[in-house]
Amino acid sequence: MNNNIEEIVKEAILQIKTADLKTVENIKIKYLGKNGALTQILKSLSNFSAKDRKNIGSKANSAKSVIENEIESRKETLRKTLLEEKMQKEKLDYSSDFYFPFSKGSFHPIMQTIQDICSIFKSLGFSVAQGYEIETQWYNFEALNIPKNHPARDVQDTFYLEGTEELLRTHTSPGQIHVMESQKPPVRVIVPGRVYRNEASDATHFSTFHQIEGLAVDEDITFVDLKAVLSDFIHKFFGYGIDISFRPSHFQFTEPSAEVDVQCVFCNGKGCRVCKNSGWIELLGCGIVHPNVLKAVNYDSEKYTGYAFGLGVERITMFKYGIDDIRLFYENDLRFLKQF
Ligand code: PHE
């Protein structure tokens, strides 16, 4: 019987050594369960003499605890290796971009463009000012040399605030007036902001959009300064390879006035649907500040001259990234926004 117990222990240990978690449970049942080999021996002790009973009993009991320990330590080893394997597989690299389970937020493309443009102009010595979205007729029109009967005042274009003399600014140009009212020349400033126009929306028009106004007033400012600053800005924004053209135009608050065209970014100037086969796209309006505007803010128009420009942020963003519908900026579709 003694030999028998030793055999059982040997055999059990051998099996336990290579068992997985499931078989180890079966081995436990096989040796220590209700009908297990060792349980059988312990149950049959009454058949033996008192002396043998004690001897075999204690042998069987210690065999039982040897097997139990062996099973426990095997289980422990198995659990550890499984855990290690799992940890290895699920190892988290906290420095990886992919670790964070939520997508990171980012600036809206319009905000990004405003920041990009502001930083280019800051590097050219301009400061950034804020205007007001709600304006009076004086700031939005009169001070900018737009008389009462001018088509830009047409009720169709302007959102008037009911029961007041106020309106939602139709451009950022009233920002020029606020800046000049609050400081003496020299002035070098840009004014980014949201503007409103009462018009139907389509792929290139929306009732609210953003502009960036630029203004410089000093002694001896000429059109050459305007051309140099705008060319430098456009090259920094779009790259040095792009062609620029100044085309005569008309704005009430600048004289002379120009519109700046750039080589079409969609077809590289070859001609396409966007540029209506001309190879050029219109980027911004600009000119030399009209003396009436300087007079409106009590600047000495004999002593000072200046230039001003205004560009549409949505438009320039569409050109930069090849976006063909302005409405995409306002739909808040994450599939669109995530690309920026
Ligand atoms: N305010 C003009 C517009 O909205 C743009 C402009 C600004 C033109 C400054 C000339 C000078 O179209």
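Residues numbered from 1 in each chain as written. Predicted model: local features only at pLDDT ≥ 70, side-chain atom pairs only at ≥ 80, totals over all residues. Heavy atoms only, no water.

1. Here's the deal with the pairing of strand β6 (residues 244-251)
Reasoning step 1: The sheet contact formed by β6 and strand β7 (residues 254-263) spans 7 bridges and is antiparallel. Within β7, the residue paired with F251 across the bridge is T254.
Reasoning step 2: Linking β6 to β7, which pair antiparallel, is a turn of 2 residues. (Pairing = 2+ DSSP bridges. Helix = DSSP H or I, 4+ residues; strand = E, 2+ residues; numbered from the N terminus.)

2. Examining the packing of helix α8 (residues 223-238) against helix α10 (residues 313-321)
Reasoning step 1: One can describe the packing of α8 onto α10 by two numbers: an axis separation of 11 Å at closest approach and a directional angle of 45°. Judged on the interaxial angle alone, α10 and α8 are oblique. Of α10, the residues touching α8 (which contributes F233, F237 and F238) are I316, F319 and K320.
Reasoning step 2: Across the contact of α8 with α10, the residue classes break down as 5 nonpolar, no polar and 1 charged. (Axes fitted to C-alpha atoms, helices over the stretch in contact; angles between N-to-C directions. Parallel < 35°, antiparallel > 145°, perpendicular 65-115°, else oblique. Contact = heavy atoms within 4.5 Å. Nonpolar A, V, L, I, M, F, W, Y, C, P; charged D, E, K, R; others polar.)

3. Some points on the sheet that holds strand β9 (residues 305-312)
Think of a sheet as strands paired side by side through backbone hydrogen bonds, with each pair either parallel or antiparallel.
Reasoning step 1: Strands sit in the order β1-β4-β5-β9-β8-β7-β6 across an open sheet of 7 strands; the sheet is mixed. The sheet is open, and its two borders are formed by β1 (127-128) and β6, each paired with just one other strand.
Reasoning step 2: Summarising the sheet, β1 and strand β4 (residues 187-196) pair through 2 bridges and their orientation is parallel. The residue of β4 that forms the bridge with S127 is V189.
Reasoning step 3: Docked against the sheet, helix α5 (residues 109-123) engages β1, β4, β5 (208-218) and β9, running at close to 170° with respect to β4.
Reasoning step 4: Against the sheet, α10 contacts β5, β8 (280-289) and β9, and its axis sits at roughly 65° relative to β9.

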